[in-house]
Amino acid sequence: MSPEMFWRAYLATLPADHPAHTLPTPVAEGFGDSPALAEELGQLIYRGIKTATCASLWEHEAEGCPIPMVGQYDIVLDGQGKPLAINELTEVTIRPFDEVDAAFAFEEGEGDRSLESWRDGHWRFFSRTLAKIGRTADPKMPLVCQRFRVVFRR
């Protein structure tokens, strides 16, 4: 099923006057930087374990991408690029890497859900992805931290 068809399937579950009917099909993408990671993180989202995520503000700026907004929808793709779920953003904050707290790390749902595990995994991730835009991971690097809720699953 295409992302557009998946979005229409979600809209069909909503009352006719729901504001989502006026929106274009949301961005559809996998989480992470590889098909394997998209599959792993997508399954955590699908199962309700992962309810938060973050991205580098530097990457948003380098790519000219706007900062996500509360109320925005995203279509989560699995490792094969197929729609898996639709998320609605419930909170967006910008904070330095070293100020991410244990509660947020737990809500990201990865590893053993500890802050230590979060820092280790995300440091490796940002070291990898920031190199592509000529930046280096830094404890003070700004992150776009997002909390979301799944509103639709396949």
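Residues numbered from 1 in each chain as written. Predicted model: local features only at pLDDT ≥ 70, side-chain atom pairs only at ≥ 80, totals over all residues. Heavy atoms only, no water.

Participant: Help me understand the overall build of the protein chain, please; the structure alone is not making it clear to me.
Facilitator: Secondary structure assignment for the protein chain yields 5 helices and 5 strands. Relative to its length of 154 residues, the protein chain is compact, with a C-alpha radius of gyration of 16 Å against a globular reference of 15 Å. When the backbone C-alpha atoms are referred to their principal axes, the protein chain occupies close to 45 × 30 × 25 Å. Counting the 154 residues in the protein chain, one finds 40% classified as buried. By element, 56% of the accessible surface of the protein chain is carried by carbon and sulfur atoms, the whole surface being about 8,100 Å². Computing the positive centroid from 16 side-chain charges and the negative centroid from 23, the protein chain places the two 3 Å apart. (Helix = DSSP H or I, 4+ residues; strand = E, 2+ residues; numbered from the N terminus. Rg over C-alpha atoms; globule rule 2.2 N^0.38 Å. Buried < 20%, exposed > 50% of the residue type's maximum accessible area, 1.4 Å probe, protein only. Areas by Shrake-Rupley, 256 points an atom, 1.4 Å probe, with all protein chains shown as cover. Lys, Arg positive; Asp, Glu negative; His and termini not counted. Charge placed at Lys NZ, Arg CZ, Asp CG, Glu CD.)

Participant: Help me understand the sheet that holds strand β1 (residues 28-30), please; the structure alone is not making it clear to me.
Facilitator: Two pairing modes exist for strands in a sheet, parallel and antiparallel, and in both the strands are linked by backbone hydrogen bonds. One open sheet accounts for 5 strands, arranged β1-β3-β4-β5-β2; its pairing is mixed. Strands with a single pairing partner mark the edges of an open sheet, and in this sheet they are β1 and β2 (52-56). For this sheet the average axis-to-axis angle between neighbouring strands, irrespective of direction, equals 45°. When strand β4 (residues 83-96) meets strand β5 (residues 142-153), the two strands line up antiparallel, connected through 11 bridges. Across the sheet, the residue bridging to E91 is R147, located in β5. Packed on one face of the sheet, helix α1 (residues 3-11) meets β1, β3 (73-77), β4 and β5 and runs near 90° to β4. (Pairing = 2+ DSSP bridges. Axes fitted to C-alpha atoms, helices over the stretch in contact; angles between N-to-C directions. Contact = heavy atoms within 4.5 Å.)

Participant: It is not clear to me how the side chain of S56 should be interpreted in this structure. Could you clarify?
Facilitator: With respect to the helices, strands and loops of the structure, S56 is situated in strand β2. Only 3.1 Å separates the side chain of S56 from the backbone nitrogen of W58, close enough to count as a polar contact. For S56, the contacting residues outside a window of four places in its chain are F126, L130, P142 and L143. (Polar contact = N/O pair within 3.5 Å; in protein donor to acceptor, adjacent residues only side chain to side chain.)

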